[in-house]
Amino acid sequence: MSLLNKLKNLLKNPFLAMALIALVVQSVLLVFFYSLPDPLGLSMSEMFEGKTLWQIFMAFGAVLAMAGLFGFARAPRGLAVFYALYFFIAVADYDVFRFSHQRLSYSFLRTYFHISNITDATTVSTLGGDLLGTVLWVSMVVLCFAGGIAFVVAYTLRLRTRRQTLVLDNRNGAWKPASRKVPGVMFAVGMALSLVPLVLFLTGTRGWIEIPVTHTKVDMRFTLGKHTLTAPILHIAAVETFEFIHDNAKITEELVSDLDAFLPKDFAAGRSDALELPMYRSAPAHEYRAKKPYNIVFIMGESFKGRIFNKMLESDTAVAPNIWKLANGGYFEKDSAGNALGGALWFKNAFSGGYPTVRGTMATYMGFPSHPNRDVPSFYAANKFKGWPEFLTNYQRAYVTVSNPIFDHTLPFIEKFFEKEWHLIGEEKVEGTADSLGVDLAIDVLRKMPTDKPWELSFNTISSHIPFYGYPDAYAAKPDDAMTRYRNAVRYTDQQLGRFFEALSARPDFGNTVVFILGDHDTPVDSVDYMVPQPLGLSASQIFIGIFSADTALLNGLAVREDVASQLDLGPTIFDLAQVREPNHFWGYDLLAQERPAEQPSVFFSQNAYYLGFRDHVLIGGLENEDVYRAASGGESPYALTTDASDLAWKKKAVGAAKAVRSVLRNDIMMP
């Protein structure tokens, strides 16, 4: 028999034929994934640099391994159904990653699924904005389902008429001996492709290797995080199982000690049972600064970078002139000598909970770091933890947003914190005016706030979202230089905030109001922000945090603070102002009455990495490897490997704290 005839006979095998078609489909999906535009303007090829090969290995390996398994089971129709469902989930996973930069997983669905995801304006506009991508993805899903259905129908009809498979004689109910060769080979090859990356990861393989002859360099720095392996669903299931076991560390005194390294001393002293509830304490007993309840305005500015905002302290006040005016008492009343009443706290060394927004939002509202390997746990009522708005039971609360909270995966807890009192801006008729509309809406909600009881108003901005085109064309140019666009966007947001400050300062209760302004996270703008070593991902987390009040009894003049502040500290500070004196799980310090010790950093986790922010430097590294990187805070200095004993000791504490956080959140033992 000629080679050509042998090939023809092989292709008559339905398992091999479907596997080959599936490999083509998988290849097309990978091409789409890397070539279609990303909604956040980030490069998939850069994000997966050095890891694309392992993604291909696992994707192709899954296709072949499953073909082999169904071949052994003699179920060609089952394989067709599996491929149809498999590629539907794979397409959804790729699209979810491109939209939110998170893997599709049980945790993702449990945390973020909401019926309005299907019809929400943000989702519709995103899909409409990438019409080509939408058409291509949907077309692939339709083709896969159509192909699967067509095969099942055709195969069933043929069986009924001929009582035999396409290539195998089933008249005696048994396979020919040779029939197991093809599925055996496919399964073996598929498992080899699938397991190589997992084995290399589990054995801690690191560094680069060079393939002989081709001289191709391959990145061997494996992680199982979202920046390495997006889909296929079989590997997601494997990773979910691996992480479920991996995250359930036994809470020991050593892990609690590691946790305590990042907590206020009174946190440890206030625990009732450190091993059972290591992240829960009784009401703090320090002396509070606020002697009465204050109204609270909470403004989360999109990508308010500490490195840039701190330049205003060096006379570059054009960055955000209205915020600078607020910091210097420009909106406050003056005494008889012409001096502004009130004051402000400006934190030079402030850090976010990480990137993207959902991590910083979680740290801010929940008061503990993001779950390693997870951006957030679920925010549904069944979980035993609370956000700081839930403690403000005697406050009238409202939230204004310029972007649908589904986009930043915050809808579940926004509904929980504010119930019906959250407001989304209407249609943006002039491109780039979302922040103007947001401030219009915030001013309208502000007018409805009472003057005879305390109130809290939160809102966010959007103009300075990457890639920094979120201001009107008529406002300023949009050159190729990203830093110029970023500064233009921030200045536009600041202009709108100035209108809000004017409306706020005209209220009779302005003297009893405290304004918080902070960044949701840092963001990559220029080359300085891309100095973070891989595979740690984006870890630039220095943000702006400022606290402002017209009440001289609370704050007096502009005080520039050198101590480390973080989003973890916002909850305890608000508790001071709102007279909340209850047990809680908030990690941070009351910024009005306490300072983080000079030698203690703030800690955050991002997938398999940690980030420690000190007053004069930062440490970052992978939770699963030994390398520790150090740089001066502010991002101006490049990261370099460190072997300093103190740095390595802090790394050990960060890893121990991560294990404790993982286990506590996995087992839902945050609070009684």
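Residues numbered from 1 in each chain as written. Predicted model: local features only at pLDDT ≥ 70, side-chain atom pairs only at ≥ 80, totals over all residues. Heavy atoms only, no water.

Participant: Got a minute to help me understand the overall build of the chain in this structure?
Facilitator: A count of helices and strands for the chain gives 22 helices and 15 strands. When the 672 residues of the chain are sorted by exposure, 57% land in the buried category. Across the chain, the fraction of contacts at a sequence separation of at least 24, relative to all contacts at a separation of at least 6, is 73%. Accessible surface, the chain as shown: approximately 27500 Å² in total, 60% of it carbon and sulfur. (Helix = DSSP H or I, 4+ residues; strand = E, 2+ residues; numbered from the N terminus. Buried < 20%, exposed > 50% of the residue type's maximum accessible area, 1.4 Å probe, protein only. Contact = heavy atoms within 4.5 Å. Areas by Shrake-Rupley, 256 points an atom, 1.4 Å probe, with all protein chains shown as cover.)

Participant: In this structure, what is going on with the sheet that holds strand β11 (residues 602-606)? I would like to understand it.
Facilitator: Within the open sheet, the five strands sit side by side as β11-β12-β13-β14-β15. Their pairing is antiparallel. The strands lining the two open edges of the sheet, one partner per strand, are β11 and β15 (640-641). As paired strands, strand β12 (residues 609-613) and strand β13 (residues 617-622) are joined by five bridges and run antiparallel to one another. If you follow Ala-609 over to β13, its bridge partner there is Gly-622. (Pairing = 2+ DSSP bridges.)

Participant: Where do I start with the pattern of salt bridges in this structure?
Facilitator: Charged atoms that come close allow side chains of opposite charge to pair. All chains considered together, the criterion is met by 21 salt bridges. One salt bridge in this structure joins Lys-652 and Glu-254, with 3.1 Å as the shortest N-O distance. Taken together, the residues span a long stretch of sequence, with Lys-652 in helix α22 (residues 645-666) and Glu-254 in helix α12 (residues 253-260) at a distance of 398 residues. Exposure remark for Lys-652: the relative accessible area of 46% places this residue in the partly exposed category. (Salt bridge = Lys/Arg side-chain N within 4 Å of Asp/Glu carboxyl O.)

Participant: Is there a simple way to explain the pairing of strand β7 (residues 455-460) in this structure?
Facilitator: In regular strands, side chains alternate between the two faces of the sheet. The buried count for β7 comes to six of six residues, which makes it a mostly enclosed element. Taken together, the five bridges between strand β3 (residues 295-301) and β7 define a ladder with parallel strand orientation. By the bridge assignment, Ile-299 is partnered in β7 with Phe-459. In this structure, strand β5 (residues 396-401) lies alongside β7, joined through five bridges in parallel fashion. Residue pairing in the sheet places Val-400 in a bridge with Phe-459 of β7.

Participant: Would you take a moment to explain the packing of aromatic side chains for this structure?
Facilitator: Both the distance between ring centres and the angle between the ring planes are used here to describe each pair of aromatic rings. Per the counting criterion, the structure on display carries 35 aromatic pairs. When the centroid spacing of 5.9 Å and the interplanar angle of 50° are considered together, the rings of Phe-82 and Tyr-83 count as tilted. Each member of the pair, Phe-82 together with Tyr-83, is buried. Each member of the aromatic cluster is reached from another via a ring pair, and the members are Phe-298, Tyr-365, Trp-388, Tyr-399, Phe-417, Phe-418 and Phe-516. Directly above the aromatic system of Trp-650 lies the positively charged group of Lys-653, at a separation of 4.3 Å from the ring centroid. (Phe/Tyr/Trp six-rings, centres within 6.5 Å; stacked < 30°, edge-to-face > 60°. Lys NZ or Arg CZ within 6 Å of the ring centre and 35° of its normal.)

Participant: Quick question: what am I supposed to make of helix α16 (residues 357-366) here?
Facilitator: Working note: α-helix, 3.6 residues per turn, so residues spaced by three or four point in the same direction. Within α16, ten of the ten residues are buried, which leaves the element mostly enclosed by the surrounding structure. Looking at α16, one finds that the buried residues are Thr-357, Val-358, Arg-359, Gly-360, Thr-361, Met-362, Ala-363, Thr-364, Tyr-365 and Met-366. Looking one or two residues beyond α16, the residue adopting positive phi is Gly-367, at roughly 80°.

Participant: I keep staring at unusual backbone geometry and nothing clicks. Help me out?
Facilitator: Most peptide bonds adopt trans geometry, and most residues besides glycine take a negative phi value. Omega for the bond connecting Ile-466 with Pro-467 falls within 30 degrees of zero, at 10°, which places this linkage in the cis form. The topology assignment puts Pro-467 in the loop between β7 and α20 (482-505). With a phi close to 55°, Ser-303 is a non-glycine residue in the positive phi region. Within the secondary structure, Ser-303 is located in the loop between β3 and α14 (306-309). The phi angle at Gln-579 is positive, at roughly 65°, despite the residue not being glycine.

Participant: Can you walk me through a nonpolar patch on the surface in this structure?
Facilitator: Taken together, the side chains of Ile-149, Val-153 and Leu-157 present a nonpolar region at the surface, about 280 Å² in accessible area. With respect to the helices and strands, the residue Val-153 is situated in helix α9 (residues 131-162). Taking relative accessible area as the criterion, Val-153 reaches 44% and is therefore assigned partly exposed. (Patch = residues over 30% accessible without salt bridge, like charges linked within 9 Å, V, L, I, M, F, W, Y side chains within 5 Å.)

Participant: Is there a simple way to think about the sheet that holds strand β4 (residues 343-351) in this case?
Facilitator: Two modes of strand pairing occur in sheets, parallel and antiparallel, and in both the strands are linked by backbone hydrogen bonds. Taken together, eight strands build an open sheet; the order of strands is β6-β5-β7-β3-β8-β9-β4-β10 and the sheet is mixed. Both outer strands of the open sheet, β6 (422-424) and β10 (557-566), are each paired with one neighbouring strand and no more. In this sheet, adjacent strand axes meet at a mean angle of 15° when their direction is disregarded. Relative to strand β8 (residues 513-519), β3 runs parallel, the two being bridged by seven bridges. Opposite Ile-299, over in β8, you have Ile-517 as the bridge partner. (Axes fitted to C-alpha atoms, helices over the stretch in contact; angles between N-to-C directions.)

Participant: How do you make sense of the packing of helix α19 (residues 434-447) against α20 when you look at a structure like this?
Facilitator: The description of two helices packed together rests on the angle between their axes and the distance between the axes. The interhelical angle for the contact between α19 and α20, taken along N-to-C directions, is 15°, at an axis separation of 9 Å. Taken as axis vectors, α19 and α20 run roughly parallel relative to one another. Along this stretch, α19 crosses α20, giving a crossing that reads as right-handed. Between α19 and α20, the contacting residues are Asp-435, Ser-436, Val-439, Asp-440, Ala-442, Ile-443 and Leu-446 on the first element and Tyr-492, Thr-493, Gln-496, Leu-497, Arg-499, Phe-500, Ala-503 and Leu-504 on the second. Of the residues assigned to the contact of α19 with α20, the class counts are nine nonpolar, three polar and three charged. (Parallel < 35°, antiparallel > 145°, perpendicular 65-115°, else oblique. Left-handed = near helix turned anticlockwise from the far one by under 90°. Nonpolar A, V, L, I, M, F, W, Y, C, P; charged D, E, K, R; others polar.)

Participant: Where do I start with the side chain of Asn-322 in this structure?
Facilitator: Examined against the element boundaries, Asn-322 turns out to sit in helix α15 (residues 321-327). Exposure remark for Asn-322: the relative accessible area of 19% places this residue in the buried category. In contact with Asn-322, other than residues within four places in its own chain, are Tyr-331, Asp-494, Gln-495, Gly-498 and Phe-501.

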